[in-house]
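A structural walkthrough
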Amino acid sequence: MISGKKFIAIVPARIGSKRLKMKNLKEFNGKPLFLWSMMSAKKSKYIDRIYLSTDSKKINTIAFKNGFKIYNLRSKKLSTDKTTSSELILNIFSRIKEKFDFFILLQPTSPLRQSTDIDYAIKRIVQKNKKSLVSVNAKNNQNNGAIYIQNISFFKKNKKFRYKNSMIYKMPAKKSIDIDTKKDFDQALKYCL
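Notes on the structure follow. (Residues numbered from 1 in each chain as written. Predicted model: local features only at pLDDT ≥ 70, side-chain atom pairs only at ≥ 80, totals over all residues. Heavy atoms only, no water.)

Concerning the overall build of the chain
Secondary structure summary: the chain contains six helices and eight strands in total. Ordered by position from the N terminus, the helices and strands of the chain form the series β-β-β-α-β-α-α-β-α-β-β-α-β-α. Taking 2.2 N^0.38 as the reference for a compact globule, 193 residues should give roughly 16 Å; the C-alpha atoms of the chain span a radius of gyration of 16 Å, in line with that estimate. Each of the three principal axes of the chain carries a C-alpha extent, and together these read 40 × 40 × 30 Å. For the chain, the residues scored as buried account for 53% of the 193 residues in total. (Helix = DSSP H or I, 4+ residues; strand = E, 2+ residues; numbered from the N terminus. Rg over C-alpha atoms; globule rule 2.2 N^0.38 Å. Buried < 20%, exposed > 50% of the residue type's maximum accessible area, 1.4 Å probe, protein only.)

Now the structure itself:
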């Protein structure tokens, strides 16, 4: 919590993937790829709850063994290539009872994002009293997929992640790698060795 605002981190980690098979379970610098996002959320000063959304018993088991609370497996309907992040998040909020002010989406494909990035972004959106923040690659100002923060009430109405007036958090190019292919995976791995 920060300034009375409660934050929930959502880590979406389904088992299927098209180009890099089972990438969320692929070992990255000694740990399954998805676990890096869980650990960075856990180290955050301001995140009140971490919600892992997965369709994999194995991913849930690994998370549990590493000290994380786990939830019911994601339905098959919400585990396809066509499922949008918006659909998934809206479904999560239809089921959880605890109230939060903001969510932060932490995709496992950005393992170089750190807790310091998360906390800086959270502080900025609260201090500036904004509803939306996205992280971008400082080199080209393109979304890098590492951090999305949304006011929950605002998101439920608009169902988008970036707006004209969204806050921007610029991250170095080497932290902005979004793993989708083996080439991305190998490149990201070089930066943490």
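Notes on the pairing of strand E1 (residues 7–12)
Most of E1 is tucked away: six of the six residues are buried. Alternating positions in E1 separate into two faces, Phe-7, Ala-9 and Val-11 on one and Ile-8, Ile-10 and Pro-12 on the other, with burial throughout. With six bridges connecting them, E1 and strand E4 (residues 47–53) associate as parallel partners. Bridging from a neighbouring strand, Ile-10 pairs with Tyr-51 of E4. For E1 and strand E5 (residues 102–105), the ladder comprises four bridges, and the chain directions are parallel. Residue pairing across strands places Ala-9 opposite Ile-104, the latter belonging to E5. (Pairing = 2+ DSSP bridges.)

Regarding the packing of helix H1 (residues 33–43) against helix H4 (residues 115–127)
Relative orientation and spacing of two packed helices are given, respectively, by the angle between their axes and the distance between those axes. Direction vectors running N to C along H1 and H4 enclose 55°, while the axes themselves pass 8 Å from each other. Between H1 and H4, the crossing angle belongs to the class labelled oblique. The way H1 lies across H4 gives a crossing that is right-handed. Only Ser-115, Ile-118 and Asp-119 of H4 make contact with H1, whose side of the interface consists of Ser-40, Ala-41 and Lys-43. A per-class count over the contact of H1 with H4 returns two nonpolar, two polar and two charged. (Axes fitted to C-alpha atoms, helices over the stretch in contact; angles between N-to-C directions. Parallel < 35°, antiparallel > 145°, perpendicular 65-115°, else oblique. Left-handed = near helix turned anticlockwise from the far one by under 90°. Contact = heavy atoms within 4.5 Å. Nonpolar A, V, L, I, M, F, W, Y, C, P; charged D, E, K, R; others polar.)

What to know about the environment of Ser-86
The residue Ser-86 is located in helix H3 (residues 85–95) in this model. C-alpha of Ser-86 to C-alpha of Ile-96: the two residues are 10 residues apart in sequence and 16 Å apart in space. Once residues within four sequence positions are removed from consideration, Ser-86 is found in contact with Phe-155, Lys-159 and Phe-161.

Some remarks on the nonpolar core
Of all hydrophobic cores here, the largest spans 34 residues; its most connected members are Phe-34, Met-38, Ile-104, Ile-122, Ile-147 and Ile-149. Broken down by secondary-structure element, the contributors of at least two residues to this core are E1, H1, E4, helix H2 (57–65), E5, H4, strand E7 (143–151) and strand E8 (167–171). Filtering out sequence-adjacent residues up to four positions away, Met-38 remains in contact with Val-11, Ile-50, Leu-52, Ala-63 and Phe-68. Listed in part, the 18 residues of the second largest apolar core include Tyr-71, Ile-96, Phe-103 and Phe-161. (Core = buried A, V, L, I, M, F, W, Y, C linked by side-chain atoms within 4.5 Å.)

Observations concerning H2
Those residues of H2 that fall on the buried side of the exposure criterion are Ile-59, Asn-60, Ile-62 and Ala-63. Taken around the axis of H2, the buried residues stretch over an arc of 160°, which confines them to a single face. Set apart from the buried face of H2 by more than 90 degrees, the exposed residues are Lys-57, Lys-58, Phe-64 and Lys-65. In this structure, the buried residues of H2 make contact with strand E3 (31–32), H1 and E4. The opening residue of H2 is Ser-56, an N-cap whose side-chain oxygen sits 3.2 Å from the backbone nitrogen of Lys-58. Trailing H2 by a residue or two, Gly-67 shows a phi angle of about 90°, which is positive. (Arc of directions from axis to C-beta. Polar contact = N/O pair within 3.5 Å; in protein donor to acceptor, adjacent residues only side chain to side chain.)

Geometric descriptors of this kind do not, in isolation, establish any biological role.
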